Amino acid sequence: MKTVGIVGGGQLGRMLAMAAARLSIRTVVLEPQADCPAAQVANHHIVAAYDDAEALAELARRSDVITYEFENVPEESATRLAADRPVYPPPLALSVSQDRLTEKTFLNDCGIPTAGFRAVDNLDDLKAALAAFGGRGVLKTRRFGYDGKGQWVFSGTEDDPAAAFAALAGAPAIFEEWIDFEREISVIAARGLDGALICFDPAENEHREGILRVSRVPARITDAVASEARGHAARLLSALDYVGVLGLELFVDREGGLIANEFAPRVHNSGHWSEAACAVSQFEQHIRAVVGLPLVDPARIADCVMHNIIGDDMEKVPDWLKTAGARVHLYGKAESRPGRKMGHVTVVESRRNG
């Protein structure tokens, strides 16, 4: 029986551990929070910081292979683990995704278009970027921002560059051109140890205040756009020599063109719908990939809408539990707070014929 080590004990680690258990694969979680979501379902929990040398050594000792559930794992920790055990996705994926400037450059090098961008290290850099992109765009920290954090939107009106730059407190930044998009989509894709590639159907996503609220499948895009999105994901996976599941977020512009926003080297929130609407979820596909089991066509069997349960949305759970076709997944978090993801619910809308 194989054991998968998971760095990170949040909801993604929880769902990975649940998928592993279905395949009789054990899991060990490294997470500093004592009662984390993943610890409630994993076989063993190492309570320690992600950069604790002794804890990393124990994780390696207990595991046959190691993965992670979030992209801000210290690169040094991943490298240390990789000296003792296979680490998937590879540390290269972490180093690329952890810096938005490196990420955008890598995507372009793979032939995947992005919005225009410029590095911003000082106020003069920011003013030059605003002039280059018509005063509209988004200033972001290069590292550690997520769910809308560490970002400042310039609408081209009376924005204050000095205030925006000061708000980042000196963190290295990137300015990204504003994209007038029609919709946001994402592709969840997996690559196995043998190089086999599979993609889930693209999801159409709705964000509010920088946080994913809803994913709908199928997305309202043409077959040609869906095929192009899968092709971008496949090129990215191959360029990274990737093993595991990856989420690639894209904008669809007014002319139907695709512009990559970012990628996450892990299972992804916009793929949670696969639990309820696919024969094999993104979580099982990831476990299959990292332990060397065959990847399979995920075989979507239903159209669906996935809703994140965030903060006070927990009050709606009793109604969701009474809704036909709704699959509720709560993450076991003790405290609900504004902006905190507490769970998700996937509503199956219609079954395919045949």
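Residues numbered from 1 in each chain as written. Predicted model: local features only at pLDDT ≥ 70, side-chain atom pairs only at ≥ 80, totals over all residues. Heavy atoms only, no water.

Going by an unreviewed UniProt entry, the protein chain carries the name N5-carboxyaminoimidazole ribonucleotide synthase and comes from Martelella endophytica. Annotation of the protein chain in UniProt includes, under Catalytic activity (unreviewed entry), the sentence "5-amino-1-(5-phospho-beta-D-ribosyl)imidazole + hydrogencarbonate + ATP = 5-carboxyamino-1-(5-phospho-D-ribosyl)imidazole + ADP + phosphate + 2 H(+)". Regarding the protein chain, the UniProt comment filed under Sequence similarities (unreviewed entry) reads as follows: "Belongs to the PurK/PurT family." (UniProt positions renumbered as here; feature names shortened; annotations may be inferred.)

### Considering the sheet that holds strand E2 (residues 26-30)
Within a beta sheet, neighbouring strands are joined by backbone hydrogen bonds and run either parallel or antiparallel to one another. Strand order in this open sheet of 4 strands is E3-E2-E1-E4, and the pairing throughout is parallel. Two strands close off the open sheet at either side, each with one partner strand: strand E3 (44-46) and strand E4 (65-68). Ignoring strand direction, the axes of neighbouring strands in this sheet form an average angle of 25°. In this structure, strand E1 (residues 3-7) lies alongside E2, joined through 5 bridges in parallel fashion. Pairing of Gly 5 across the sheet is with Val 28, part of E2. Strands E1, E2, E3 and E4 of the sheet are contacted by helix H2 (residues 53-62), whose axis makes an angle of about 155° with E3. (Pairing = 2+ DSSP bridges. Helix = DSSP H or I, 4+ residues; strand = E, 2+ residues; numbered from the N terminus. Axes fitted to C-alpha atoms, helices over the stretch in contact; angles between N-to-C directions. Contact = heavy atoms within 4.5 Å.)

### Observations concerning empty space enclosed by the protein
The final tally for this structure, using the stated rule, is 1 cavity of 30 Å³ or more. In this structure, the largest cavity spans a volume of roughly 40 Å³. When residues of the lining of the largest cavity are traced back to their parent elements, those giving at least two are strand E9 (181-191), strand E11 (203-208) and strand E13 (244-253). The leading source of residues in the lining of the largest cavity is E13, at 3 residues. Partitioning the lining of the largest cavity into residue classes produces 3 nonpolar, 3 polar and 2 charged. (1 Å grid on protein atoms, 1.4 Å probe; cavity = no way out; pocket = protein on both sides within 12 Å on 5 of 7 lines; lining within 4 Å. Points joined across faces, edges and corners; volume = space filled by probe spheres on them. Nonpolar A, V, L, I, M, F, W, Y, C, P; charged D, E, K, R; others polar.)

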